[in-house]
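Structure at a glance
Below, each chain spelled out in residue letters.
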Amino acid sequence: MRVVKFRGEDRANDEWIYGSLVIVGDSYHILDEEETEAHEYNAVTKESVGQFTGLFDSIRKEIYEGDILRRMEGEGNEEYKVVYEEWIGSYALVNIGTPEDMKEFSKFMIDARKLMIVGNVYERGI
């Protein structure tokens, strides 16, 4: 079974919250497994919300939509952002230096290039 969860930055203390996404009007909330209602203490910044992709980086860290991955194997040290592409119905890697360069997002690509999370687009303002 596929794990569906989200993360977002807490508006109150700038910490990351992980769990289920609940949208109430214009307000976004992340609830953990025990919560059943959205409250101010779990309100997150809308722009920071990203869904778990189901994959892990080369050191077994969960990869979320909006994460920035750096190539640690081979030539170059390219960085890619993880985006969801509606037109192909899946996640993809977009090269930050050359945005027209899009790569497949797969476990094979992560392992072959030793991709590691080095940040996310929200924190870097990309």
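Our structure's up above, just so we're on the same page.
Basis of the calculations
- Residues numbered from 1 in each chain as written.
- Predicted model: local features only at pLDDT ≥ 70, side-chain atom pairs only at ≥ 80, totals over all residues.
- Heavy atoms only, no water.
- Helix = DSSP H or I, 4+ residues; strand = E, 2+ residues; numbered from the N terminus.
- Rg over C-alpha atoms; globule rule 2.2 N^0.38 Å.
- Buried < 20%, exposed > 50% of the residue type's maximum accessible area, 1.4 Å probe, protein only.
- Contact = heavy atoms within 4.5 Å.
- Areas by Shrake-Rupley, 256 points an atom, 1.4 Å probe, with all protein chains shown as cover.
- Lys, Arg positive; Asp, Glu negative; His and termini not counted.
- Charge placed at Lys NZ, Arg CZ, Asp CG, Glu CD.
- Salt bridge = Lys/Arg side-chain N within 4 Å of Asp/Glu carboxyl O.
- Pairing = 2+ DSSP bridges.
- Axes fitted to C-alpha atoms, helices over the stretch in contact; angles between N-to-C directions.

Some remarks on the overall build of the protein
- Tallying secondary structure elements over the protein gives two helices and 11 strands in all.
- For the protein, the C-alpha radius of gyration of 15 Å lies close to 14 Å, the compact-globule estimate for 126 residues.
- Based on the C-alpha atoms only, the size of the protein along its principal axes is roughly 45 × 35 × 30 Å.
- Counting over 126 residues, the protein shows a buried share of 40%.
- Sequence separation of 24 or more characterises 46% of the internal contacts of the protein that already satisfy a separation of 6 or more.
- Summing over all exposed atoms, the protein offers an accessible surface of approximately 7,800 Å²; the carbon and sulfur share of this is 49%.
- Where the 15 positive side-chain charges of the protein centre and where its 27 negative ones centre are 7 Å apart.

A few points about the pattern of salt bridges
- Tallying each qualifying case throughout the model produces seven salt bridges.
- Among the salt bridges present, the one from Lys-5 reaches Glu-62, with a minimum N-O distance of 2.7 Å. With Lys-5 in the segment before strand E1 (6-9) and Glu-62 in strand E6 (residues 62-64), the pair connects residues that are 57 residues apart, well separated along the chain.
- Overall, Glu-62 belongs to the partly exposed group, its relative accessible area being 25%.
- Among the salt bridges present, the one from Glu-79 reaches Arg-70, with a minimum N-O distance of 2.4 Å.
- Overlapping salt bridges, with partners in common, bring together Arg-70, Glu-79 and Arg-124 in one network.

Details of the sheet that holds strand E10 (residues 102-104)
- Spatially, E10-E9-E8-E7-E11 is the arrangement adopted by the five strands of the open sheet, whose pairing is antiparallel. Unpaired on one side and paired on the other, E10 and strand E11 (115-120) mark the two borders of the sheet. If you compare each strand with its neighbour and ignore which way they point, the axes differ by 40° on average.
- As paired strands, strand E7 (residues 67-71) and E11 are joined by five bridges and run antiparallel to one another. Of the residues in E11, the one forming a bridge with Ile-68 is Gly-119.

By themselves these figures say nothing about function.
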